Amino acid sequence: MAEYHLSGTPPVLLTLRRSARARRISLRISSLDGRVTLTLPATLPEKTALAFAEEKADWIRANLAKQPEAVDADFGAVLPIDGQDRVIEQAEGRRILLDAGRVAVPGANPGRPLQRYLKELARNRLAEASDFYAARLGRGYSRLSLRDTRSRWGSCTADGGLMYSWRLILAPPSVLRYVAAHEVAHLAEMNHSQAFWDTVERIHGRWQEPRAWLRENGAALHRYRFGE
């Protein structure tokens, strides 16, 4: 993949990706991080794709203006943890402290240590929820892993491996538990048939509200940056 910048103000980073299966130029703006990707056929000149992007410059900028503004996890910033807004503050001791309305982080740069803390918290919560729903289902899973996925909140492999986005710890607990139940249900139904949704309801209860919350608010959880 190659990277270019769209001319004008503000400059916009463009990622060009070639695809042997592409028959025409396609333009995609990620709803998660605002990444602009141009996919073009393998033999099409790059200048043709760049000219196409320049023609769409106003449309690209208009859509980017609708994206949630990125938030750096620094002192004074507000970060949702368990779906509750917390102000990031300087800790007096050496440990991260999570209280109502604040999270206190030691050191001068809170981003990385806070991210590690959140990942560990997410792993504990997701393991607890996965164990609970797996027991209700009567099936075990083989492993649990965390990633910072952009296209999905969780997945289940054919051999029983569960994967989750660690950013679920930023969502309300009911949403985290729903995603855990959703992926555990795939241990029995590797599809999204009516039998699958019946399984989700059997082990979790009603799932429509947390699913709707993710659809409406999930993309905003990717706006938080931790010094990556």
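Attention in this report is confined to the structure presented alongside it.

Another aspect to go through is the packing of helix 4 (residues 173–185) against helix 5 (residues 194–204). For the pair helix 4 and helix 5, the least separation of the axes is 9 Å and the interaxial angle reads 130°. The angle between helix 4 and helix 5 places the two elements in the oblique class. Of the two possible hands of crossing, helix 4 and helix 5 adopt the one that is right-handed. On the side of helix 4, the interface is formed by Ser174, Arg177, Tyr178, Ala181, His182, Val184 and Ala185, while helix 5 contributes Phe196, Trp197, Thr199, Val200, Ile203 and His204. Among the residues forming the contact of helix 4 with helix 5, the class breakdown is eight nonpolar, four polar and one charged.

This part takes up the packing of aromatic side chains. Two aromatic rings are characterised by how far apart their centres lie and by the angle between their planes. The final tally for this structure, using the stated rule, is four aromatic pairs. Measuring from ring centre to ring centre gives 5.5 Å for Trp166 and Phe226, while their planes differ by 70°; the resulting arrangement is edge-to-face. Here the residue Trp166 occupies a position in the loop between strand 12 (161–165) and helix 4, and Phe226 occupies one in the segment after strand 13 (224–225), the gap between them amounting to 60 residues. Relative to Trp197, the ring of Phe196 lies with its centre 4.9 Å away and its plane at 75°, an arrangement referred to as edge-to-face. We classify Trp197 as buried; its relative accessible area is 12%.

Looking now at the side chain of Glu183. Looking at where Glu183 falls in the secondary structure, it is placed in helix 4. At 6.8 Å, Arg152 is the nearest oppositely charged side chain to Glu183, a buried residue that forms no salt bridge. Within the structure, the side chain of Glu183 is placed 3.4 Å from the backbone nitrogen of Ser155, a separation counted as a polar contact. Ignoring sequence-local partners within four residues, the contact set of Glu183 consists of Gly154, Ser155, Cys156, Leu162 and Tyr164.

With that settled, the discussion passes to helix 2 (residues 57–65). Taken residue by residue, helix 2 has Ala57, Ile60 and Arg61 as its buried positions. In an axial view of helix 2, the angular spread of the buried residues amounts to 95°, which keeps them on one side of the axis. Buried-residue contacts for helix 2 involve strand 1 (2–6), strand 2 (12–19), strand 3 (26–29), strand 4 (36–41) and helix 1 (46–55).

Attention shifts here to the pairing of strand 6 (residues 78–81). One ladder, built from four bridges, connects strand 6 with strand 7 (residues 84–90); its direction is antiparallel. Among the inter-strand pairings, Leu79 is bridged to a residue of strand 7, identified as Arg86.

Next up on the list: the sheet that holds strand 11 (residues 154–156). Across the sheet, which stays open at both edges, the three strands sit in the order 10-12-11 with mixed pairing between neighbours. At either end of the open sheet lies a strand with only one pairing partner, and these are strand 10 (143–147) and strand 11. Adjacent strand axes in the sheet meet at a mean angle of 15° when their direction is disregarded. Those strands touched by helix 3 (residues 111–137) are strand 10 and strand 12, and its axis lies near 145° from that of strand 10. Contacts from helix 4 reach strand 11 and strand 12, with the element oriented near 155° to strand 12.

Conventions used here
Residues numbered from 1 in each chain as written. Predicted model: local features only at pLDDT ≥ 70, side-chain atom pairs only at ≥ 80, totals over all residues. Heavy atoms only, no water. Axes fitted to C-alpha atoms, helices over the stretch in contact; angles between N-to-C directions. Helix = DSSP H or I, 4+ residues; strand = E, 2+ residues; numbered from the N terminus. Parallel < 35°, antiparallel > 145°, perpendicular 65-115°, else oblique. Left-handed = near helix turned anticlockwise from the far one by under 90°. Contact = heavy atoms within 4.5 Å. Nonpolar A, V, L, I, M, F, W, Y, C, P; charged D, E, K, R; others polar. Phe/Tyr/Trp six-rings, centres within 6.5 Å; stacked < 30°, edge-to-face > 60°. Buried < 20%, exposed > 50% of the residue type's maximum accessible area, 1.4 Å probe, protein only. Lys, Arg positive; Asp, Glu negative; His and termini not counted. Salt bridge = Lys/Arg side-chain N within 4 Å of Asp/Glu carboxyl O. Polar contact = N/O pair within 3.5 Å; in protein donor to acceptor, adjacent residues only side chain to side chain. Arc of directions from axis to C-beta. Pairing = 2+ DSSP bridges.

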